[in-house]
Amino acid sequence: MSDMLAEAAEAPRASSLLQTLTVATLVQIVATASVLALTAIAPLVALDLGIGAHWIGYQISLIYASGMISSAVAGTLVQRFGPVRIEQAALGCFILGCMGIATAMIAPIVIASLLIGIGYGLNNPAASEMLSRVTPPARRNIVFSLKQSGVPLGGILASFLFPYLSARLGWHAALLVGAALPFLVSLLMMATHAAEPVTSRKPTSFRRGFLDEQSIIWRSPKLRALSALGFAYSAMQLSVSAFAVVTLVHDAGWSVLAAGSVAAAMQFAGAFGRIFWGVVADRIGGGFLTLALLGLLGGLGYAGLFWLQDLPVIAQIVLFVAMGGVTIGWNGVLLAEVARNAPDARVGAITGGVLVYTFIGVIVGPSSFAMLYTLIGHYGASFLAFSLFGFGGMLVAWQAHRASA
């Protein structure tokens, strides 16, 4: 204990847990809002561009393809420049990304999507490194889950803000307003983390850093399981987030604004779910057990969406809201488990390495969903097929839980 206190005294922190958690959560909110900006207004944008609304799935996959690449090198970047500077760079990517999409031209939209993905891939490794420095081990699940509640909160922001502003100012102006949000958060970070110390480490090449991280992950059965779960659950999460509005509009006959309200409620349930499942994991002492339960519930909910058109309106709302609480609620528990199983002083790097597979799942998810819809022309049937991700994740998590029991 005396050694731990001495080490803490040698490396004083310039920011408190509350400051760091607040900033990290706000960054996560604007990051997710940037990623999901087009999903909330997909029918309007598709009409202006002369393309089908289902093409939003490919745009989401493009974002996460670049996110996967930046996540793979984020650990090395965090070691070189510190997590605060990397978070600031991520915010800059979101600003430029929203501005680029607002141009309504295909080439700038592609470049902007790549920039948003780069920022999103840098965010979590940097934030995990920041939080690991100030979070007591006993509070890790709830702290990481609170930070990850920024994902559904960002979804709520996107679902309400962009349709509302689009109806009054046009979707181009709505996206310019979206670009102002990460700028404001960057100003707050400059105020609260300007004196954050940067740990001096020997520079590592990107290739060597990536290979070292992947070697650690593949040697650890728990980290391998978490990588597989990130792949499966992210495919489910982003598919329902990207296609909720379009499914309600095209399969159930909802208006864009009404469907956006349901999507916002779904994201709100996800925010509650992330905190709720973090508390559950701490209470039952089993992150993997919680992740297994989430896989089961997610698989059942996705299967239920096959019969969406046959359900009364209230049941449609309840089903989507429940899916928000389940398919969006897993991430905080998973990141806490990664932090728990990562070697000391490598939390940010290993988080980035594990999240590579999460990004692969997101790339596979929405794009595969879009291809399935192209083949069968029914969103509910596509959700039914994707229920296999949930049931498969349940088996992986249950096996990891039993192995660690």
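Refer to the preceding data block for the structure.
Residues numbered from 1 in each chain as written. Predicted model: local features only at pLDDT ≥ 70, side-chain atom pairs only at ≥ 80, totals over all residues. Heavy atoms only, no water.

Draft legend 1. Spatial organisation of a nonpolar patch on the surface. Among the surface-exposed residues, F183, L184, L187 and M190 lie close enough to one another that they form a single nonpolar patch of about 400 Å² accessible area. Within the secondary structure layout, L184 lies in helix 10 (residues 171-192). We classify L184 as exposed; its relative accessible area is 52%. (Patch = residues over 30% accessible without salt bridge, like charges linked within 9 Å, V, L, I, M, F, W, Y side chains within 5 Å. Areas by Shrake-Rupley, 256 points an atom, 1.4 Å probe, with all protein chains shown as cover. Salt bridge = Lys/Arg side-chain N within 4 Å of Asp/Glu carboxyl O. Helix = DSSP H or I, 4+ residues; strand = E, 2+ residues; numbered from the N terminus. Buried < 20%, exposed > 50% of the residue type's maximum accessible area, 1.4 Å probe, protein only.)

Draft legend 2. Quick look at the nonpolar core. With 108 residues, the main nonpolar core has Y64, L291 and F320 as its most contacted residues. Considering every element that reaches this core, the biggest residue donor is helix 12 (residues 221-250), with 16 residues. In contact with F320, other than residues within four places in its own chain, are V240, A244, T247, L248, V262, M266, L305 and L308. (Core = buried A, V, L, I, M, F, W, Y, C linked by side-chain atoms within 4.5 Å. Contact = heavy atoms within 4.5 Å.)

Draft legend 3. Region of interest: the packing of aromatic side chains. If you walk through the whole model with that rule in mind, you get 15 aromatic pairs. The interplanar angle of 80° and the centroid separation of 6.2 Å between the aromatic rings of W218 and Y357 together place this pair among those described as edge-to-face. Of this pair, W218 sits in helix 11 (residues 206-219) while Y357 sits in helix 17 (residues 347-376), and the two are 139 residues apart along the sequence. When the ring of F369 is compared with that of F383, the centres are 4.7 Å apart and the planes differ by 65°; the resulting orientation is edge-to-face. Note that F369 is positioned in helix 17 and F383 in helix 18 (residues 379-404), a separation of 14 residues in sequence. Across the pair, exposure class does not vary: F369 and F383 are buried alike. (Phe/Tyr/Trp six-rings, centres within 6.5 Å; stacked < 30°, edge-to-face > 60°.)

Draft legend 4. Spatial organisation of the state of the cysteines. Inspection of every chain in the model, using the stated rule, returns zero disulfides. Cysteine C93 remains unbridged, with the sulfur of C98 as its closest cysteine sulfur at 11 Å. For C93, a relative accessible area of 12% puts it in the buried group. Under the relative-accessibility criterion, C98 is labelled buried at 1%. (Disulfide = S-S within 2.5 Å.)

Draft legend 5. Main features of the packing of helix 8 (residues 140-148) against helix 13 (residues 256-284). For the pair helix 8 and helix 13, interaxial distance at closest approach is 8 Å and the crossing angle is 170°. Relative to helix 13, helix 8 is oriented roughly antiparallel. Helix 13 is crossed by helix 8, and the crossing has right-handed handedness. Contacts from N141, I142, S145, L146 and Q148 in helix 8 reach R274, I275, G278, V279, A281 and D282 in helix 13. Here the contact of helix 8 with helix 13 is composed, by residue class, of five nonpolar, four polar and two charged. (Axes fitted to C-alpha atoms, helices over the stretch in contact; angles between N-to-C directions. Parallel < 35°, antiparallel > 145°, perpendicular 65-115°, else oblique. Left-handed = near helix turned anticlockwise from the far one by under 90°. Nonpolar A, V, L, I, M, F, W, Y, C, P; charged D, E, K, R; others polar.)

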